[in-house]
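Descriptive analysis of the structure
Here's the letter readout for the chains.
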Amino acid sequence: MACRDGLGTPYEITLELHRDGALYGTVGERCGGLLAGLARGVAEARAGHQAWWPDPDDRFPGEAELFALRYRARNGVVGGGELRCRLRTVPLWVPGRRGPAGEWRLTRRAVVEAGGDGGTGLRAVLTSAELGAFVEGIVAEAEDGLGPYRPGKPARTL
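Reference entry: report on the structure contained in this document. (Residues numbered from 1 in each chain as written. Predicted model: local features only at pLDDT ≥ 70, side-chain atom pairs only at ≥ 80, totals over all residues. Heavy atoms only, no water.)

Scanning the chain for helices and strands turns up two helices and eight strands. The order of helices and strands in the chain, counted from the N terminus, is β-β-β-β-α-β-β-β-β-α. Looking at the 158 residues of the chain, the share that counts as buried comes to 34%. Taking all contacts inside the chain whose residues are at least 6 apart in sequence as the whole, residues at least 24 apart take part in 46%. (Helix = DSSP H or I, 4+ residues; strand = E, 2+ residues; numbered from the N terminus. Buried < 20%, exposed > 50% of the residue type's maximum accessible area, 1.4 Å probe, protein only. Contact = heavy atoms within 4.5 Å.)

Moving on to the packing of aromatic side chains. Taken as a whole, this structure holds one aromatic pair when the rule is applied. Aromatic side chains W93 and W104 sit 5.3 Å apart centroid to centroid with 70° between the ring planes, which places their arrangement in the edge-to-face category. Taken together, the positions of W93 in strand β6 (residues 78-95) and W104 in strand β7 (residues 102-115) put the pair eleven residues apart, joining distant regions of the chain. By relative accessible area, W104 is classed as exposed at 59%. (Phe/Tyr/Trp six-rings, centres within 6.5 Å; stacked < 30°, edge-to-face > 60°.)

Before going further, it helps to spend a moment on helix α1 (residues 32-47). In this model α1 runs 23 Å from its N-terminal to its C-terminal C-alpha over 16 residues, within 8% of the 22 Å that 1.5 Å per residue would give. All buried positions along α1 are accounted for by G32, L35, A36, L38, A39, G41, V42 and A45. (Expected span 1.5 Å × (residues − 1).)

Below is the structure:
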């Protein structure tokens, strides 16, 4: 959902969470800048070289929580949905080619969780490539949906 200033110029987005066609939450008022920055950060982390995370799919910007978007009413009450992304480190046992020898390999994944007040929710575990594509898709859809402003024309809902 596009946000426009008093002159009708688009400046930010708010996300509506849908599952099976039903709206269950609205989150992240004015979160476009945050998500665009995260998309750039994921791309930079994947392009860089990190000895600790040699696989680009394990590389993310920052540590722990990448974002937490909630709906906040004008009176400060929080409710109506939540979308958050946290990083998790998962150890995987990689068996040796011959015999019992093997090794532990650490992987990092982004856990994206969306939830509404009524208990409706979704969870996805993503590589850095998948998270980058997801966030870039949200930003691109918002930018495409805003289009030129014409007085009297309501903001387009994405």
